[in-house]
Structure formats: structure tokens, C-alpha cells
Amino acid sequence: MVYDRVLGVRQFAEKFGAPESEVAEIVGTDIDAAGLKYRLLEKAERDALIVSVLTRIDSGDLTVVGAARHRLWSDVWQECLENFIRNDHDVEALNPRFVGASRMLRLNGDYAEAESTRFEVDLYGIVRKWLFHRWLGGYSNIFEFGSGSAFNLVALARQRPDASIHGLDWAQGAVDLANVLREKLNLNLHGRSFDFFKPDYSLDIPVRSAVMTFCALEQTGERFTQFLDFLLAKQPARCIHMEPIVEFYDPATLPDTMALRYHLRRGYLNGLLTRLRELEEKGRVTILDARRLGLGSLYHEGFSVVVWEPVP
Ligand SMILES: C[S@@+](CC[C@H](N)C(=O)[O-])C[C@H]1O[C@@H](n2cnc3c(N)ncnc32)[C@H](O)[C@@H]1O
């Protein structure tokens, strides 16, 4: 196979809507080290892939997100915690299994095959580092809700050693992971239990804090409003979401129709951007960025970004 295309600094600069020089300075070394090579699919293999994706969507095997999945996530992060400890606290053991599950990916609105199984995890790291640089500079308290394996928390703690970083999740294993990381790796991390469906208003979010979610609010489907109301009440200075944003899909294209079907079948996040736009009309929030990066895994695009601030 010839993997004749590559995601380089220029492509990331276009996706981020940022100057190439700045992208090169912040993530150029990571982009070069990752060597993100891929190839587009021939018609027959693309057709076969589409049939296999449709078969999976229609199989009836896909689980629907929501409150019933608490047990599943608890088991996932408990196992991750035990694996992390068994592996001598090696942070590589924190890379979640669902990132990079297939070398078949979504790129620029179509399918592609990555050369390496690390493609998606490296891509994730590059996008995340850029987002931290672009949107989180200057905030000394940063909260990730739905922090899972804590691999985002570790990356942020290393990039921003000056900041106090909080990982919140409804799964105890995820909370424990953040706290074990503080003790074993001496990082400024703090784990705490939190449920999007029953937000804990006793949580203190200091003035000038930032909030972020990565592929986590997706799990609330249409029930994101309790959390949004919580944020509006707590008034963090800035909120960043990297989530599958259903409003970005174009049902006139086949790959987007497939992602849309998958998204709806799984019951993923639905209506956040629309609601934020309504709130913006009413003068209650300011949307700083709403950006489709055109990157995703086989079934959908998790790399869409929405950044907003509550109006005090
Ligand atoms: C796909 S994982 C993403 C984890 C991490 N943010 C990442 O980037 O890998 C979704 C996360 O959301 C958490 N989650 C799902 N429903 C939740 C809820 N109702 N309240 C809090 N966390 C929840 C899960 O435990 C899991 O850690």
C-alpha cells in the first residue's frame, strides 16, 4: 500500500484557522514526529467500507448512551486504573481503547486509511495541545468534565504546570486515576465525582476558571441541559468542547449521512450548538468559535470544537 498523503502543518493551520507559523511553533514538532500518513480509498474498497458501516449501524448491536451506561463506564475506568498500576504508572496505558480502534478514518468529509494504528491517538494529542494553547492560556483553574482515563489531564498538567487541574467523572475509577496521577507523577491534578445528569452545585468553580469536555458531553444525548444550566450558574470564564457536533453534518453528502445515522442511533449529543446560538441571541453567552475540523474515527467526527463564554 502507498500512503501518499500526509497531514502536515499547512493542513492543520487550515483546519485551526490559524497562521502556519503559530501552528508550527506550538505543534510542529509533534506533527513531524507523528508523520500522519494516509491514503484515500479506491471506489470498490470505499463501497465495501460503506456497506460494512451501514451493516453495523443497522445491526441492532449499537448501545445507546445515557444514564444506564454508568456501570459500563465504571468497569472501563476501573480496568484502566488497574492496568495503569500494573504497567508501573506508564501514561501510555492511559490511551483509551476507543481512540484508534481502526485505521479506517474520516478525513475532510470522506473516508481514508491511516498508515499507522497510532494515527488517531497522535492526532488527538496534536489537536488537544493546540486547543490548550489557543484557548486555555492564563486560566489557573481548569476543569475537565467526563475526564475518563485522565490522559487529557496529564497532557494539560505537563503543558500548564502552573495551573490547578480538576478531573470530574461519574465513574469512580476515573476519579481515582486523576488522584493516583497526582500522587505518583506529582502532577497538579484533583479527581472528584460528578454526574452530568445531576450536577453537584456544591462544586466550587473559582472566578477565572476554564471548563472543558472532550468526547464526554456526547454521552448525554439531548440531556445536556442540566449541565449547561450548571455552567450558566457557575459562570466559568471560558468553556471548550471537543465533541461530535450534530449540527455540522451535511445530510446532502453520503459520509455525513452515515455519521448522522450513527450519531442518532447511539443517541449522542444533540442540540448543544443550537442551544448556545439561542442563548447568544438572548445575550447570555458569546460563542468564540464553532469549528468542524473534518477529522474523525470510522463512524463519526468527534473532532468538532465549540468555544464559548457566559456573559456575566
Ligand atoms: C468517551 S469517554 C471520554 C473520556 C475523555 N474525556 C477522553 O477524551 O478520552 C466519555 C466519558 O464521559 C463519562 N461520562 C459519561 N456519562 C457521564 C455522566 N452522566 N456524568 C459524568 N461523566 C460521564 C464517562 O465515564 C467517560 O469518562
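Before any of the text, the structure's been laid out above.
All figures in this text were calculated on a predicted structure; none of them were measured in a lab.

1. What about the overall build of the protein?
For step 1, the next point in the chain: Looking only at helices and strands, the protein has ten helices and twelve strands in total.
For step 2, the next point in the chain: Contacts spanning at least 24 positions in sequence make up 72% of the contacts within the protein whose residues lie at least 6 apart.
For step 3, the next point in the chain: As presented, the protein carries roughly 13700 Å² of accessible surface, and 49% of it is formed by carbon and sulfur atoms.
For step 4, the next point in the chain: Here the protein holds 37 positive side-chain charges and 44 negative ones, and the gap between their average locations is 2 Å.

2. Quick word on unusual backbone geometry
For step 1, the next point in the chain: Backbone geometry places His 89, a non-glycine residue, at a positive phi of 60 degrees.
For step 2, the next point in the chain: Structurally, His 89 is set in the loop between helix H4 (70–86) and strand E3 (104–107).
For step 3, the next point in the chain: We note that Asn 108 has phi near 50 degrees; this positive angle belongs to a residue other than glycine.
For step 4, the next point in the chain: Mapping Asn 108 onto the fold places it in the loop between E3 and strand E4 (110–114).

3. Quick look at the pairing of E4
For step 1, the next point in the chain: Counting buried positions along E4 gives four out of five residues, so the element sits mostly inside the fold.
For step 2, the next point in the chain: Bridge analysis of strand E2 (residues 36–40) against E4 gives three bridges, and the strand direction is antiparallel. When the sheet's bridge partners are listed, Leu 40 is paired in E4 with Ala 112.
For step 3, the next point in the chain: Where E3 meets E4, four bridges bridge the pair, whose relative direction is antiparallel. Paired with Leu 107 across the strands is Asp 110, a residue of E4.

4. Topic: the site of the ligand
For step 1, the next point in the chain: With respect to spatial proximity, 22 residues lie near the ligand, and among them Trp 77, Tyr 124, Gly 146, Asp 169 and Phe 214 are the closest.
For step 2, the next point in the chain: Taking Tyr 124, its side chain carries an N or O atom lying 2.5 Å from an oxygen atom of the ligand.
For step 3, the next point in the chain: Contact between the ligand and Asp 195: a nitrogen atom at 2.9 Å from a side-chain N or O atom of the residue.
For step 4, the next point in the chain: Protein contacts shield 99% of the accessible area of the ligand, which totals 590 Å² for the unbound molecule.
For step 5, the next point in the chain: Mapped onto the shell around the ligand, the elements with two or more residues apiece are H4 and helix H6 (151–159).
For step 6, the next point in the chain: For the shell around the ligand, the class distribution of residues is 13 nonpolar, five polar and four charged.

5. Regarding the pattern of salt bridges
For step 1, the next point in the chain: Taken as a whole, this structure holds 21 salt bridges when the rule is applied.
For step 2, the next point in the chain: Here Asp 47 ties to Lys 43 by a salt bridge, and the two come within 2.8 Å at their closest N and O atoms. Of this pair, Asp 47 and Lys 43 both sit in helix H3 (residues 43–58), four residues apart, which is roughly one turn of that helix.
For step 3, the next point in the chain: The exposure class assigned to Asp 47 is partly exposed, which follows from its relative accessible area of 32%.
For step 4, the next point in the chain: For Lys 43, a relative accessible area of 63% corresponds to the exposed category.

6. Re the sheet that holds strand E10 (residues 285–292)
For step 1, the next point in the chain: Here seven strands make up an open sheet; going across it, the order is E7-E6-E5-E8-E9-E12-E10 and the pairing mixed. One side of each edge strand has no neighbouring strand; the edge strands of this open sheet are strand E7 (189–193) and E10. Between one strand axis and the next, the sheet turns by 15 degrees as a mean value, whatever way the strands run.
For step 2, the next point in the chain: Judged from the five bridges that link them, strand E8 (residues 209–214) and strand E9 (residues 238–243) form a sheet pairing that is parallel. In the sheet register, Met 212 faces E9, and the bridge partner there is Ile 240.
For step 3, the next point in the chain: Each of E9, E10 and strand E12 (304–310) is contacted by helix H10 (residues 272–281), which is oriented at about 145 degrees to E10, the strand it contacts most.

7. Overview of the packing of aromatic side chains
The way to describe two aromatic rings as a pair is by their centre distance and the angle between their planes.
For step 1, the next point in the chain: One pass over the full model with this rule turns up 21 aromatic pairs.
For step 2, the next point in the chain: Between Phe 143 and Phe 145, the aromatic rings sit 6.4 Å apart at their centres with planes inclined by 15 degrees, giving stacked as the arrangement. Each member of the pair, Phe 143 together with Phe 145, is buried.
For step 3, the next point in the chain: Chaining the aromatic ring pairs together yields one cluster made of Phe 143, Phe 145, Phe 194, Phe 196, Tyr 201, Phe 227 and Phe 230.
For step 4, the next point in the chain: One residue, Arg 128, lies across the ring of Phe 151, its end atom 4.7 Å from the ring centre.
For step 5, the next point in the chain: One residue, Arg 223, lies across the ring of Phe 197, its end atom 4.2 Å from the ring centre.

What counts, and at which threshold
- Residues numbered from 1 in each chain as written.
- Predicted model: local features only at pLDDT ≥ 70, side-chain atom pairs only at ≥ 80, totals over all residues.
- Heavy atoms only, no water.
- Helix = DSSP H or I, 4+ residues; strand = E, 2+ residues; numbered from the N terminus.
- Contact = heavy atoms within 4.5 Å.
- Areas by Shrake-Rupley, 256 points an atom, 1.4 Å probe, with all protein chains shown as cover.
- Lys, Arg positive; Asp, Glu negative; His and termini not counted.
- Charge placed at Lys NZ, Arg CZ, Asp CG, Glu CD.
- Buried < 20%, exposed > 50% of the residue type's maximum accessible area, 1.4 Å probe, protein only.
- Pairing = 2+ DSSP bridges.
- Near = heavy atom within 4 Å.
- Polar contact = N/O pair within 3.5 Å; in protein donor to acceptor, adjacent residues only side chain to side chain.
- Nonpolar A, V, L, I, M, F, W, Y, C, P; charged D, E, K, R; others polar.
- Salt bridge = Lys/Arg side-chain N within 4 Å of Asp/Glu carboxyl O.
- Axes fitted to C-alpha atoms, helices over the stretch in contact; angles between N-to-C directions.
- Phe/Tyr/Trp six-rings, centres within 6.5 Å; stacked < 30°, edge-to-face > 60°.
- Lys NZ or Arg CZ within 6 Å of the ring centre and 35° of its normal.

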